[in-house]
Amino acid sequence: MKRAVVLMNLGSPDSTDVKDVKRYLDEFLMDGRVIDKPLLFRAMLVKGVIVPFRAPKSAEAYKSIWTNEGSPLIVLSKQLAAALDGEVEEPVVIAMRYGTPSPKETFDALQAAHPGLEQVLLIPMYPHYAMSSYETAVEYAKEQHKEGRYRFRLDYIKPYYDNEDYLHALCESIRPHLEKDYDQILFSYHGVPERHIYKGDITGQHCMKSGACCDTPSAAHQYCYRHQCWVTTKEVAKRLAIPDGKWGFSFQSRLGRDPWLQPYTAQRLEQLPGEGVKKVVVACPAFISDCLETLEEIAEEGKETFLHAGGESFDMIPCLNVHPLWVRAMARWVQEYALGKTDMLQRGSAHELVPKAKFTDLI
Ligand SMILES: C=CC1=C(C)c2cc3[nH]c(cc4nc(cc5[nH]c(cc1n2)c(C)c5CCC(=O)O)C(CCC(=O)O)=C4C)c(C)c3C=C
Ligand SMILES: [Fe+2]
Ligand SMILES: [Fe+2]
């Protein structure tokens, strides 16, 4: 076999034991693209404050969603790889940014199993470009690929937030949930600190400079998470003919005190019943696989917040997971890649384009 496919997701702790959650959070939050503070300060903050206080709470949250097979994110990533493997000639395996299997473990196993391997296509399980998600996953895989001096070339699929096949699958996964009576569908995306948006602005003068920046054409959009989430939302609303006023847009999972992208999902869920939205449907398009942030933060905590504030019904739409249209979308990308006819490959990262001075605090 000359080619293989790697689905790259974020990763989960090995178990719900506090020590495993601590190890996972430590690796995650010491990533300079996630907590972009100078190394010494980051180490003190992460190891001295965040991990010790957060790990026991996170472990409890993981316990509420854990399955007999393990973390939903890992289980669903494996199921997705198996489903895609059944649709394409190439072997399909998984790798994780944090925890296991690392890209190195995955690349070693692939090369051992397929000595004639020439090309590996990496598909990040992130539709949108963010320094703390897509960029860190791809850069880490590139780093490990370079260090391992593998015989195969590594290519990677670009963010697909506006791709026809992705949007079609996303819309069809949402459509059945809008057939019953609802007041609003809320599109909730994982948040990032506002600072990350400024740092990723390759023009240095576009993002967050006006209320309409995400609707105003700019080279910055290639790497702007907020713009890309906005485009996915508007495209889905348009394709499903959701009237204005019946859809909302928000960001979840804030950590720390810095300003993150707004509006915050938790606040919106508290406010909506007072605005007359009693029946809400929630979609989380930043996640491909259901995980802690969808199953616990939204489907459990978010639902409780909304019902407690006077809401009447709360419908959580599952992520794309192993939706047949999503599997078909990726199969098409793989087949086009195999034929050398793809326009879906990413070249470069915001990190390389933004003046280096802005990134010295990552190291
Ligand atoms: C500064 C902190 C964080 C940033 C920035 C961030 C961005 C970001 N994350 C995802 C996707 C996922 N995050 C998940 C869990 C999670 N995220 C953070 C922190 C930041 N994420 C933490 C500390 C955790 C761990 C759990 C917790 O303690 O809250 C997950 C779920 C993992 C799982 O095992 O289920 C996903 C997926 C994206 C897409 C993103 C930027 C756009
Ligand atoms: Fe996160
Ligand atoms: Fe922007």
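Figured I'd write up the structure that's included with this text. (Residues numbered from 1 in each chain as written. Chains lettered and ligands numbered in written order. Predicted model: local features only at pLDDT ≥ 70, side-chain atom pairs only at ≥ 80, totals over all residues. Heavy atoms only, no water.)

Side note on the site of ligand 1
Logical step 1: By nearness alone, 27 residues border ligand 1, and Ser12, Arg54, Ser58, Tyr62 and Leu292 come closest of all.
Logical step 2: Ser58 is positioned with one of its side-chain polar atoms (N or O) 2.5 Å from an oxygen atom of ligand 1.
Logical step 3: In the model, an oxygen atom of ligand 1 is placed 2.9 Å from a nitrogen or oxygen of the Leu292 main chain.
Logical step 4: Notes on ligand 1: free accessible area 810 Å², of which the protein chains cover 97%.
Logical step 5: Those elements that provide at least two residues to the shell around ligand 1 are helix H1 (18-29), helix H2 (39-63), helix H5 (131-148) and helix H10 (292-308).
Logical step 6: With four residues, H1 is the single largest residue contributor to the shell around ligand 1.
Logical step 7: The residue makeup of the shell around ligand 1, split by class, is 18 nonpolar, seven polar and two charged. (Near = heavy atom within 4 Å. Polar contact = N/O pair within 3.5 Å; in protein donor to acceptor, adjacent residues only side chain to side chain. Areas by Shrake-Rupley, 256 points an atom, 1.4 Å probe, with all protein chains shown as cover. Helix = DSSP H or I, 4+ residues; strand = E, 2+ residues; numbered from the N terminus. Nonpolar A, V, L, I, M, F, W, Y, C, P; charged D, E, K, R; others polar.)

Some remarks on the packing of aromatic side chains
Logical step 1: For the structure on display, the rule yields 21 aromatic pairs.
Logical step 2: Aromatic side chains Tyr225 and Phe251 sit 6.4 Å apart centroid to centroid with 50° between the ring planes, which places their arrangement in the tilted category. With a gap of 26 residues between them, Tyr225 in helix H8 (residues 225-239) and Phe251 in strand E6 (residues 247-252) connect regions that are remote in the sequence. You'll find Tyr225 and Phe251 in the same group, each marked buried.
Logical step 3: Put simply, the rings of Tyr189, Tyr225, Trp230, Trp247, Phe249 and Phe251 pair up and form one aromatic cluster.
Logical step 4: Stacked on the ring of Tyr140, the Lys or Arg Arg97 has its end atom at 3.9 Å from the ring centre. (Phe/Tyr/Trp six-rings, centres within 6.5 Å; stacked < 30°, edge-to-face > 60°. Buried < 20%, exposed > 50% of the residue type's maximum accessible area, 1.4 Å probe, protein only. Lys NZ or Arg CZ within 6 Å of the ring centre and 35° of its normal.)

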